[in-house]
Amino acid sequence: MTNSWNDIKNADLIFVMGGNPAENHPCGFKWAIKARQERGAKIIAVDVRYHRTAAVADIFVQIRPGSDLAFMGGLINYVIQNKKYNEDYIKYFTNATYIVKDTYSFDPETGLFSGYDPEKRKYDTTLWDYERDEKGMVKKDMTMQHPRCVFQLLKKHYERYTPELVEKITGVPKEKFLEVAKLIAETGAPNKTMTHLYALGWTHHSWGSQVIGSMAILQLLLGNIGMPGGGVNALRGHANIQGMTDLAGEGRFLPGYLRPPKPEQQSLKEHLEANTPKPWDENSMNYWSNYPKFFISMLKAFYGDAATPENEFGYHYLPKTEKIISWDEAIDRMYRGKMEGVVAVGINILANTPNTRKTIEALSRLRWMVVMDPFMTEMANFWKYVDNPEKVQTEVFLLPAAVFAEKEGTKTNSARTLKWVYKAAEPPGDAKEELWFIGNLYMKLRELYQKEGGVFPDPILKAWWPYKNPYHPTADEVLAMEINGVALDDIKDDKGNVIAKKGERLPGFTALKEDGSTVCGMWLYCGVYPQSGNRAKSTDLSDPSGLGIYPGYGYSWPANRRILYNRASADPSGKPWDPKRRLVWWNEREQKWVGNDVPDIKPDLGPEYGPFIMLPEGRGRLYSHFLVDGPFPEHYEPYESPVKNPLHPKGTGMNPVVKVYKSDVDLLGTPDKFPYAATTYRVTEHFHFWTKHVYGASILFARMFIEIPEELAKELGINQGDRVRVVTARGSAEAYALPTKRIKPLIVNGKKVYTVGIPIHWGYEGVVRGSLANLITPFIWDPNSQTPEYKGFLCKIEKIKA
Ligand SMILES: Nc1nc2c(c(=O)[nH]1)N[C@H]1C(S)=C(S)[C@@H](COP(=O)(O)OP(=O)(O)OC[C@H]3O[C@@H](n4cnc5c(=O)[nH]c(N)nc54)[C@H](O)[C@@H]3O)O[C@H]1N2
Ligand SMILES: Nc1nc2c(c(=O)[nH]1)N[C@H]1C(S)=C(S)[C@@H](COP(=O)(O)OP(=O)(O)OC[C@H]3O[C@@H](n4cnc5c(=O)[nH]c(N)nc54)[C@H](O)[C@@H]3O)O[C@H]1N2
Ligand SMILES: [Mo]
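Being a predicted model, the structure only gives us computed values, none of them experimental.

> Hey, could you run me through the nonpolar core in this one?
Nonpolar side chains in soluble globular proteins tend to end up buried together. Among the nonpolar cores identified, the biggest contains 77 residues, and Phe 15, Phe 71, Ile 184, Leu 218 and Leu 221 are the most heavily contacted of them. Here Ile 184 is in contact with Leu 13, Phe 15, Ile 44, Leu 75, Met 194, Leu 218 and Leu 222, once residues within four sequence places are set aside. In terms of nonpolar packing, the next biggest core, distinct from the first, is built from 56 residues, Leu 299, Tyr 525, Cys 526 and Trp 593 among them.

> It is not clear to me how the site of ligand 2 should be interpreted in this structure. Could you clarify?
If you check the shell around ligand 2, you find 30 residues, and the closest are Asn 348, Asp 373, Lys 407, Glu 434 and His 688. His 238 has a polar side-chain atom sitting 2.8 Å from an oxygen atom of ligand 2. Taking 910 Å² as the accessible area of ligand 2 by itself, protein coverage stands at 89%. Residues that form the shell around ligand 2 fall into these classes: 15 nonpolar, 10 polar and 5 charged.

> What am I meant to see in the side chain of Ser 206 here?
Tracing the backbone through its elements, the reader meets Ser 206 in the loop between helix 9 (200–203) and helix 10 (208–221). When sequence neighbours within four positions are dropped, the list of residues in contact with Ser 206 reads Glu 637, Pro 638, Tyr 639, Asn 655, Val 658, Ile 780, Trp 781, Asp 782, Pro 783 and Glu 789.

> What is the right way to read the pairing of strand 29 (residues 793–799) from this model?
Both strand 21 (residues 676–681) and strand 29 contribute to a ladder of 3 bridges, which runs antiparallel. Within strand 29, the position partnered with Tyr 676 by the bridge is Cys 795. The pairing of strand 23 (residues 723–727) with strand 29 spans 4 bridges and is antiparallel. The partner of Val 727 across the bridge, within strand 29, is Lys 796.

> What should I look at first to understand a negative patch on the surface in this one?
On the surface, a cluster of negative charge is made up of Asp 489, Asp 490, Glu 514 and Asp 515. Structurally, Asp 515 can be placed in the loop between strand 16 (498–500) and strand 17 (555–556).

> Hey, could you run me through the domain arrangement of the protein in this one?
In many reports, interface size means the accessible area that the parts give up when they come together. Domain annotation for the protein reports domain 1 (6–242), domain 2 (327–452) and domain 3 (659–799). Placing the centre of domain 1 and that of domain 2 at their C-alpha centroids yields a distance of 37 Å. The partner domain 2 presents 5 residues to the 6 residues of domain 1 that form the contact. With both chains or domains summed, domain 1 and domain 2 bury close to 470 Å², and 52% of this area falls on carbon and sulfur atoms. Area buried by domain 1 at its contact with domain 2 is led by Ala 239, Asn 240 and Gln 242, which between them contribute 79% of it.

> I'm lost on the site of ligand 1 in this one. Help?
The local shell around ligand 1 holds 30 residues, among which Asp 47, Asp 68, Leu 200, Arg 682 and His 686 are the closest. Side-chain polar atom of Asn 24 to an oxygen atom of ligand 1: 2.8 Å apart, as the coordinates give it. Within the backbone of His 686, a nitrogen or oxygen atom sits 2.6 Å from a nitrogen atom of ligand 1. In the complex, the protein chains occlude 95% of the 910 Å² of accessible area that ligand 1 would expose alone. Mapped by element, the contributors of at least two residues to the shell around ligand 1 are helix 1 (21–24), strand 2 (42–47), helix 9 and strand 21. Here the shell around ligand 1 is composed, by residue class, of 8 nonpolar, 16 polar and 6 charged. When residues of the shell around ligand 1 are assigned to domains, at least three map to each of domain 1 (6–242) and domain 3 (659–799).

> Hey, could you run me through the UniProt feature "domain: Molybdopterin dinucleotide-binding" (unreviewed entry) in the protein in this one?
What UniProt calls "domain: Molybdopterin dinucleotide-binding" (unreviewed entry) maps, in this numbering, to residues 678–793. The annotated region residues 678–793 carries 11% helix and 32% strand content, and the separation between its end C-alpha atoms amounts to 5 Å.

> I tried to follow the sheet that holds strand 8 (residues 194–198) on my own but got confused; where do I start?
By definition, the strands of a sheet pair up through backbone hydrogen bonds, in either a parallel or an antiparallel sense. The sheet built from 5 strands is open, its strands ordered 3-2-1-8-9 with parallel pairing. Two strands close off the open sheet at either side, each with one partner strand: strand 3 (59–62) and strand 9 (232–234). The mean angle between the axes of side-by-side strands here comes to 15°, regardless of whether they run parallel or antiparallel. As paired elements, strand 2 and strand 3 share 4 bridges and run parallel to each other. Looking across to strand 3, one finds that Val 46 is bridged to Val 61. Of the strands in this sheet, strand 1 (13–17), strand 8 and strand 9 touch helix 10, which is tilted by about 175° from strand 8.

> I'm lost on empty space enclosed by the protein in this one. Help?
Empty space among the atoms can be located by rolling a probe the size of a water molecule over them. Within this structure, the stated rule accounts for 1 cavity of 30 Å³ or more. Taken as a whole, the largest cavity spans an internal volume of roughly 40 Å³. For the largest cavity, the full set of lining residues is Arg 64, Pro 65, Pro 638, Glu 640, Ser 641, Pro 642, Ala 677, Ala 678, Gly 792 and Phe 793. Considered class by class, the residues forming the lining of the largest cavity number 6 nonpolar, 2 polar and 2 charged.

> Would you explain the sheet that holds strand 10 (residues 341–345) in this entry?
The 3 strands lie next to each other as 10-11-12, forming an open sheet whose pairing is parallel. The open sheet is flanked by strand 10 and strand 12 (395–400), the only strands paired with a single partner. Pairwise comparison of adjacent strand axes, ignoring direction, gives a mean angle of 10° for this sheet. As defined by bridge partners, strand 11 (residues 368–373) adjoins strand 12 across 6 bridges and the pair is classed as parallel. Within strand 12, the residue paired with Val 370 across the bridge is Phe 397.

> Help me understand the environment of Lys 796, please; the structure alone is not making it clear to me.
Within the fold, Lys 796 resides in strand 29. Given the relative accessible area of 29%, Lys 796 is considered partly exposed. Along the primary structure Lys 796 and Ala 697 are separated by 99 residues, whereas in three dimensions their C-alpha atoms are 29 Å apart. Leaving out residues up to four positions away in the same chain, Lys 796 has contacts with Lys 673, Phe 674, Pro 675, Tyr 676, Arg 725, Val 726 and Val 727.

> What am I meant to see in helix 7 (residues 163–170) here?
Side chains that are three or four residues apart share a direction in an α-helix, a result of its 3.6 residues per turn. Here helix 7 has its buried residues at Pro 163, Leu 165, Val 166, Ile 169 and Thr 170. Buried residues along helix 7 cover an arc of 155° about the axis, so they all sit on one side. Tucked into the core, helix 7 has its buried residues touching helix 4 (68–81), helix 8 (174–185) and strand 25 (746–748). After helix 7 finishes, the residue Gly 171 shows a positive phi value of roughly 85°.

> Teacher, can you tell me more about the packing of helix 14 (residues 327–335) against helix 16 (residues 356–363) here?
Helix packing geometry: the angle between the two helix axes and the distance between the axes. Viewed as axis vectors pointing N to C, helix 14 and helix 16 meet at an angle of 60°, and their least axial separation amounts to 7 Å. Judged by the inter-axis angle, helix 14 sits oblique to helix 16. The element helix 14 and its partner helix 16 pack so that their crossing is left-handed. Across from Ile 331, Asp 332, Met 334 and Tyr 335 in helix 14, the residues of helix 16 making contact are Lys 358, Thr 359, Glu 361, Ala 362 and Leu 363.

> Help me understand helix 6 (residues 150–158), please; the structure alone is not making it clear to me.
Burial within helix 6 is extensive, with 7 of its 9 residues counted as buried. Taken together, the buried positions of helix 6 are Val 150, Phe 151, Gln 152, Leu 153, Leu 154, His 157 and Tyr 158. In this fold, the buried residues of helix 6 make contact with helix 4, helix 5 (87–93), strand 4 (106–107), strand 5 (112–113) and helix 10.

> Would you mind going over the pairing of strand 2 with me for this structure?
The side chains of a regular strand alternate, first on one face of the sheet and then on the other. Among the 6 residues of strand 2, 5 are classified as buried, and the element is accordingly described as predominantly covered. In terms of strand pairing, strand 1 meets strand 2 through 5 bridges, oriented parallel. Considered in strand 2, the bridge of Phe 15 is made with Ile 44.

> Looking at this structure, how should I read a nonpolar patch on the surface?
On the surface, Val 343, Val 345, Trp 368 and Phe 397 cluster together into a nonpolar patch covering about 340 Å² of accessible area. Following the sequence through the fold, Val 345 ends up in strand 10. Overall, Val 345 belongs to the partly exposed group, its relative accessible area being 42%.

> Please explain the environment of Ile 325 as it appears in this structure.
Relative to the elements of secondary structure, Ile 325 occurs in the loop between helix 13 (291–303) and helix 14. Sequence-wise, Ile 325 and Glu 250 are 75 residues apart; in three dimensions their C-alpha atoms are separated by 9.8 Å. Those residues in contact with Ile 325, other than ones at most four positions away along the chain, are Ala 330 and Arg 333.

Quick notes on the rules
Residues numbered from 1 in each chain as written. Chains lettered and ligands numbered in written order. Predicted model: local features only at pLDDT ≥ 70, side-chain atom pairs only at ≥ 80, totals over all residues. Heavy atoms only, no water. Core = buried A, V, L, I, M, F, W, Y, C linked by side-chain atoms within 4.5 Å. Buried < 20%, exposed > 50% of the residue type's maximum accessible area, 1.4 Å probe, protein only. Contact = heavy atoms within 4.5 Å. Near = heavy atom within 4 Å. Polar contact = N/O pair within 3.5 Å; in protein donor to acceptor, adjacent residues only side chain to side chain. Areas by Shrake-Rupley, 256 points an atom, 1.4 Å probe, with all protein chains shown as cover. Nonpolar A, V, L, I, M, F, W, Y, C, P; charged D, E, K, R; others polar. Helix = DSSP H or I, 4+ residues; strand = E, 2+ residues; numbered from the N terminus. Pairing = 2+ DSSP bridges. Patch = residues over 30% accessible without salt bridge, like charges linked within 9 Å, V, L, I, M, F, W, Y side chains within 5 Å. Salt bridge = Lys/Arg side-chain N within 4 Å of Asp/Glu carboxyl O. Lys, Arg positive; Asp, Glu negative; His and termini not counted. Charge placed at Lys NZ, Arg CZ, Asp CG, Glu CD. Domains from an automatic or database assignment. Buried area = accessible area lost by both parts, 1.4 Å probe. UniProt positions renumbered as here; feature names shortened; annotations may be inferred. Axes fitted to C-alpha atoms, helices over the stretch in contact; angles between N-to-C directions. 1 Å grid on protein atoms, 1.4 Å probe; cavity = no way out; pocket = protein on both sides within 12 Å on 5 of 7 lines; lining within 4 Å. Points joined across faces, edges and corners; volume = space filled by probe spheres on them. Arc of directions from axis to C-beta. Parallel < 35°, antiparallel > 145°, perpendicular 65-115°, else oblique. Left-handed = near helix turned anticlockwise from the far one by under 90°.

Laid out in structure tokens, this is it:
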């Protein structure tokens, strides 16, 4: 989230597209209801089916699965054509004025940007760069008239997305689209804001990153980023998935979004140079210029005293890899027999990954697998579901993990707020918390390396392991010493004042140094556990500004800031855009930024500095040349689509760089054989694949069912409660039929399109059992985020004769 849960109460318009928060984030969704009750805010829900969020919305719009980008393109076009954007905001706070090199181009006929290599199925993204001067600064045109300035290119790119085209692609009647567009465009007024809430309805596509980018563009045009009640807000999944991402549970990053070393970065110096950007604009704060402080403090947390200036702070203990293997690549490697073992902690790959057949094969080609889980899972028992179990070589170890209520530690929610969770019960039987397993595993590995040596023992033997009981570190110790970190010397600020004495815990990331005198495992969390105590435990509910900032409740990264890019809540001169919702402002007399939230710009940097401090531009990107599939979001069809893409008569109509593997190309269906659009989703009463072990949840939703439009059910002669088989090119799943009015047939480019809805929660283990939804989903991936296309594929339906 750029903003926070409680900030939703400040919105004038709540736009939900790509999620169903009333069911999947019911606690947070109360803030949307509050906005409506207290501010008269309106709620718009756009989804492929009517759900409980739609039930409380002022406007509900049903679209075809996978057509979201056309809808968004239409909104961007509407705002530009009707001049509803906030002109000063885009001129001074975004890259609208930046000039793009003449090597950038886009061909609407094929849907290809310049630089496409059809052999490699890759773009040369350097062609999309800005024009720069000798110093590397971007050239601008403050009048925004230059034909290659971002604003003009943007206008041109989206002028194709007329309301008629939106209707043709999405199936949403033009009038309905315009009703929504009008309401949204009104929030371009400086004193009006729209918040956008999304989750998987947007990420689970082969162009998921791009559709989120399209919302960033829309919100920047409307001046809604940095504002109370604004923002682009990702409603995260599991209770601590934000924490997982922050701490590099996902392999592309090191903790705090630092970068893993590459082979060409043979020295620490080379690594730091490659990752410490220079500003691209004179008025850019360029916060990532602090990269070396974060990186070296992290190395100190990894290797302690063994990290010295002489050995480049242990830089060479880190692997230098060409490529970090993502989830899809890992499964494909296993499938090709190129992976030896897997350790799964709190994940059920068999149930959660598309194309279950492939995953089962993949797991059966491993030599060993460790599953750390409170329950018996499909993953741990995968060998039972193959044709010849006796042939499976994989040795499986199941370690009994404690569940959330049986251990303590922090969780970081979607609003980036860390909260401490207390232990309510002892784990039963042999169950242990993960820190116990990891402590014991580490100590055993260390013992083995000490005894037997090995190819490269240093990363294990030199690791910093300062815990009282090294076999069982506590969450408190890890948070205090390793994550928040400590001063190894007296630490002074720019003015020479001591801000942390030697041996004290650090007060925040501004104290971090690149000389090895600070230890901090994750810079963004630095400050959560200062010398005064654990701020994740604080429950102060005071809200002095009345804006729902609650500065004393938990700790929000970064720097306890509740709304990111909050400098943008004030106009270019530093005055709040909306005097009634004052977040931060420039104090003329004192010549510094002050406010109700922690300003994210350095307090003494004048109002001319750009608010988007994490980008070398200092400006928000209406044009982003870093995504691998294009600098402007373009509507592409899902890999399996019931219709052709009318935008690209000479192209495939799909994302040209979508990730698809050799073994899956033949497993993709066409509309002649699989005529219906299908999508998958959750129900409130279950949590993925493990509440089926719980009696209560299992009673509420005991059987796998699918939602079918009433008209289609009638056509197929299917009644409520009939057994049906959903068939795709991957396989089939069996379920009970639920004919419904909640999904209507849509007319898409003159063709009637039916959508079938498939909840995901069943499987082979637990109190209640059923087909795995992923038996039928395609192994197709977004090339930027490596997220599967679970939410747009093709199926047919067969009635199972009783
Ligand atoms: N009770 C409960 N809560 C949960 C979870 C759970 O399992 N149970 N899971 C948690 C996790 S990990 C996550 S990531 C979040 C997920 O939260 P959500 O994203 O809300 O989850 P989903 O229900 O998968 O999908 C949301 C909506 O996307 C719609 N949809 C499908 N295809 C499309 C499409 O092409 N376009 C659009 N616009 N919408 C589409 C579906 O109809 C559905 O209503 O929920 C979290 N909260
Ligand atoms: N078709 C389709 N597939 C999907 C999705 C979809 O919308 N459609 N959604 C995707 C998404 S967003 C997600 S997040 C995944 C979810 O997929 P998973 O994260 O794999 O699913 P869960 O069942 O939530 O959790 C996995 C395991 O964690 C265990 N667990 C719970 N608490 C603890 C704990 O404290 N410690 C340990 N060690 N284990 C614990 C549970 O028992 C469970 O077996 O599914 C993905 N798959
Ligand atoms: Mo998720």
